[in-house]
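Observations on the model geometry
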Protein chains: 2
Amino acid sequence: MSVPDLIGPGAGAPAPERLSMGVAARLARYLQVLTQAKREGKETVSSQELSTWTKVNSTQIRRDLSGFGKFGKRGVGYNVDALVAQIRKILRTAGPHNIALFGAGHLGRAIASSDIFADHGFSVVAIFDSAPDKIGSAVGHLTVRPVSDLAAAVDEEDIVVGVLAVPNNAAQGLADVLVDAGVKIIFNYSEALLQVPPEVTVHTSSPAVDLLYALYFYLT
Amino acid sequence: MSVPDLIGPGAGAPAPERLSMGVAARLARYLQVLTQAKREGKETVSSQELSTWTKVNSTQIRRDLSGFGKFGKRGVGYNVDALVAQIRKILRTAGPHNIALFGAGHLGRAIASSDIFADHGFSVVAIFDSAPDKIGSAVGHLTVRPVSDLAAAVDEEDIVVGVLAVPNNAAQGLADVLVDAGVKIIFNYSEALLQVPPEVTVHTSSPAVDLLYALYFYLT
DNA sequence: TAGATTGTTAATCGATTAACAATC
DNA sequence: TAGATTGTTAATCGATTAACAATC
């Protein structure tokens, strides 16, 4: 995966065409923390507070942000609402984005009822399952639909992300269906290694990998 | 978060005392992919194949591995079983590690019944919930216990990781209980910003953040 | 004013990659 | 042998951080 050159411009320079992967990942992380901080009633945050929560060095946080404008106030910090708005603008992810969810088991139901996506402008607008006895049943305010409905749903509901909350052996088949329907981002909660065309992005959830990593630094 | 110096030694030099965070994260990722590849029946993999699955440059994969020994065979690739064993040894995470799970809702049940942790040597050995009507009910082969049992369970069952699958407003209280019980690694599926002592590691699951990030590169 | 925190510079350090000899 | 792929070097590039003047 090539990282496009881009590095933040000096003061006053135009914003870069495309963020580096590192910067984009950190901005998304700041957004998560800011969203939560806002919910807890904070009005301003300092780069030091953000550093505590994100484990990103405070100098780097200031550097990441100052590449796009002077969002902070010296001696005070950053206004939470304003910073959220700015980061959303930088990431161009302000608008609502629709998600199709596959799998109406425990995991699928947990995702559908969670606000973890909703807080960031993602909305689960359709849920699919292959088990005939689940089709037609309710999950929150949605009704479980057959996978054959997918192509129509993608067009009608402007679905840009497919989330797979299904067993390993069902994941590749559904990924193929999603690709055929034109979905370009797949979020995979199974452990299957998905084969997709290069223009499609697969993100595989890996809690165990994250744990292995945390455990290493705990053990050493 | 300071990154200790370490960089891989030349051939024949002793392994470094402590891996850099980047290397440790990538090794854990290789392990995930290798585990899945093994399940799918592959006996050898090339650095190029690993690169396709992990999106890590193949030169870097060879470099990461060659710092610890000559695990591959020129013209052939790496033996999957042997490489899994080597990486486990490097990460010192071969042994079984016990997990306590909090929350017996949809998410907790999904985690308890998943093999996503089990594949990497993690075992959910206790499940807790605060709702009186859930205590005593069965989740897989486990029985839901009251949170007051935690301290005893940590001692008796050698629990090293606590997983929070609970609502945001319950997360901090449980984190405090885990810290008091001596657990040093917390895996947080809620969106709460947890305050813990510096020696405790919190990893917050952030699917929405990952999606924002994927979406940025899709939109630009 | 005094204290705090940003925005920015300059230097360092580690990650990344192309290229290729070694060798299976 | 011919083809493939590792192990390793050398060069580059981006990330990281300490430090501090600016300023709220």
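Under an unreviewed UniProt entry, the name given to chain A is Redox-sensing transcriptional repressor Rex, and the organism recorded is Paraconexibacter antarcticus. Its UniProt record gives chain A the following Subunit (unreviewed entry) comment, quoted word for word: "Homodimer." What the UniProt record of chain A gives under Subcellular location (unreviewed entry) is the line "Cytoplasm".

**Notes on the overall build of chain A**
When its secondary structure is counted, chain A shows eight helices and ten strands. C-alpha atoms of chain A, sized along the principal axes, occupy 60 × 45 × 40 Å. Here the analysis covers contacts within chain A between residues at least 6 apart in sequence; of these, 52% occur between residues at least 24 apart.

**Focus: the nonpolar core**
Judged by nonpolar contacts, the single largest core of 134 residues is most densely connected at L101(A), L164(A), L212(A), L101(B), L164(B) and L212(B). Dropping the residues within four chain positions of it, L101(B) is found in contact with G108(B), I111(B), A112(B), V124(B), I127(B), V163(B) and A165(B).

**Observations regarding unusual backbone geometry**
Residue and element names in this part refer to chain A. One non-glycine residue, R92, adopts positive backbone phi at about 55°. Here R92 shows up in the loop between α4 (80–91) and β4 (97–102). Judged by C-beta crowding, with 13 C-beta atoms within 10 Å, R92 ranks as partly exposed.

**Comments concerning the UniProt feature "domain: CoA-binding" (unreviewed entry) in chain A**
UniProt annotation of "domain: CoA-binding" (unreviewed entry) refers to residues 95–193 of chain A when read in the numbering used here. Annotated as residues 95–193 of chain A, this span is 29% helix and 29% strand, and its ends, taken at the C-alpha atoms, are 30 Å apart.

**Observations regarding the relation of the copies chain A and chain B**
Mapping between the two chain copies consists of a rotation about an axis together with a translation along that axis. With an RMSD of 0.0 Å, the operation that places chain A on chain B is a rotation of 180° combined with a shift of 0.0 Å along the axis. In the structure described here, the two chain copies are related by an operation that fits a two-fold rotation axis. Within chain A, H106(A) has its C-alpha nearest the rotation axis, a separation of 2.4 Å.

**A short note on the pairing of strand β8 (residues 159–164) of chain B**
All names here are of chain B. Of all the six residues making up β8, six are buried; the element is thus mostly covered by neighbouring parts of the structure. With five bridges connecting them, strand β4 (residues 97–102) and β8 associate as parallel partners. Its bridge partner lying in β8, L101 is registered against V163. Regarding topology, helix α7 (residues 168–180) serves as the crossover connection from β8 to the parallel strand β9 (residues 185–188), and that connection is right-handed.

**Here we look at the UniProt feature "binding site: NAD(+)" (unreviewed entry) in chain A**
Within this numbering scheme, the UniProt entry marks G103(A), A104(A), G105(A), H106(A), L107(A) and G108(A) as carrying the feature "binding site: NAD(+)" (unreviewed entry). Note that A104(A) resides in the loop between β4 and α5 (106–113). Once residues within four sequence positions are removed from consideration, A104(A) is found in contact with R109(A), I127(A), D129(A), K134(A), V139(A) and V144(A). With respect to the helices and strands, L107(A) occurs in helix α5. The contacts of L107(A), once residues within four sequence positions are left out, are A165(A), Y189(A) and A110(B).

**Quick look at the domain arrangement of chain A**
By the assigned domains, chain A splits into domain 1 (21–91) and domain 2 (97–208). When each unit is reduced to the centre of its C-alpha atoms, the spacing between domain 1 of chain A and domain 2 of chain A is 30 Å.

**Examining the sheet that holds strand β8 (residues 159–164) of chain A**
Residue and element names in this part refer to chain A. Strand order in the open sheet made by the seven strands is β6-β7-β5-β4-β8-β9-β10, with mixed pairing throughout. The open sheet is flanked by β6 (138–139) and β10 (201–204), the only strands paired with a single partner. In the packing of helix α6 (residues 150–157) onto the sheet, the strands contacted are β4, β5 (122–128) and β8, and the crossing angle to β5 comes to about 155°.

**Some words on the interface of chain A and chain B**
Across the contact, 54 residues belong to chain A and 53 residues belong to chain B. Elements that contribute at least two residues to the side of chain A that touches chain B include exactly α1 (21–39), α5, β9 (185–188), β10 and α8 (207–219) of chain A. Looking at which element gives the most residues to the side of chain A that touches chain B, the answer is α8(A), with 13 residues. Here the side of chain A that touches chain B is built from residues that sort into 32 nonpolar, 13 polar and nine charged.

**Notes on helix α4 (residues 80–91) of chain B**
Taking 1.5 Å per residue as the helical rise, α4(B) with its twelve residues ought to reach 16 Å, and the 16 Å between its terminal C-alpha atoms agrees with that figure. Along α4(B), the residues that are buried comprise V80(B), L83(B), I87(B), I90(B) and L91(B). The buried residues of α4(B) occupy an angular sector of 90° when the element is viewed end-on, so they sit on one face. The outward face of α4(B), more than 90 degrees from its buried face, is lined by the exposed residues D81(B) and A82(B). Where α4(B) is buried, its residues meet α8 of chain A together with α1 (21–39), β1 (44–45) and β3 (77–79) of chain B.

**Describing the environment of V33(A)**
When you line up the elements, V33(A) lands in helix α1. Residues contacting V33(A), with those up to four places away along its chain left out, are L50(A), W53(A), T54(A) and L193(B).

**Focus: the sheet that holds β3(B)**
All names here are of chain B. Across the sheet, three strands lie side by side as β1-β3-β2; this open sheet has antiparallel pairing. Pairing within the sheet leaves two strands with one partner each, and these edge strands are β1 and β2 (72–73). Relative to the sheet, α4 contacts β1 and β3, its axis offset from that of β3 by approximately 75°.

**Considerations on the pairing of β10(A)**
Residue and element names in this part refer to chain A. Of the two faces of β10, only one is covered, namely that formed by V202 and T204; the face formed by T201 and H203 stays uncovered. In the sheet, β9 pairs with β10 via four bridges, with the strands oriented parallel. When the sheet's bridge partners are listed, N188 is paired in β10 with T204.

**With respect to helix α3 (residues 58–66) of chain B**
For an α-helix, the turn length of 3.6 residues means that residues three or four places apart are oriented alike. Residues and elements named next belong to chain B. Those residues of α3 lying buried are I61, D64 and L65. Projected down its long axis, α3 carries its buried residues within an arc of 90°, all on one side. Close packing links the buried residues of α3 with α1 and α2 (47–54).

Scoring rules and cut-offs
Residues numbered from 1 in each chain as written. Chains lettered and ligands numbered in written order. Predicted model: local features only at pLDDT ≥ 70, side-chain atom pairs only at ≥ 80, totals over all residues. UniProt positions renumbered as here; feature names shortened; annotations may be inferred. Helix = DSSP H or I, 4+ residues; strand = E, 2+ residues; numbered from the N terminus. Contact = placed C-beta atoms within 7 Å. Core = buried A, V, L, I, M, F, W, Y, C linked by C-beta atoms within 7 Å. Buried ≥ 20, exposed ≤ 12 C-beta atoms within 10 Å, placed from the backbone. Least-squares fit on C-alpha atoms with pLDDT ≥ 70 in both. Pairing = 2+ DSSP bridges. Right-handed = clockwise from strand over helix to strand, strands pointing away. Domains from an automatic or database assignment. Axes fitted to C-alpha atoms, helices over the stretch in contact; angles between N-to-C directions. Nonpolar A, V, L, I, M, F, W, Y, C, P; charged D, E, K, R; others polar. Expected span 1.5 Å × (residues − 1). Arc of directions from axis to C-beta.

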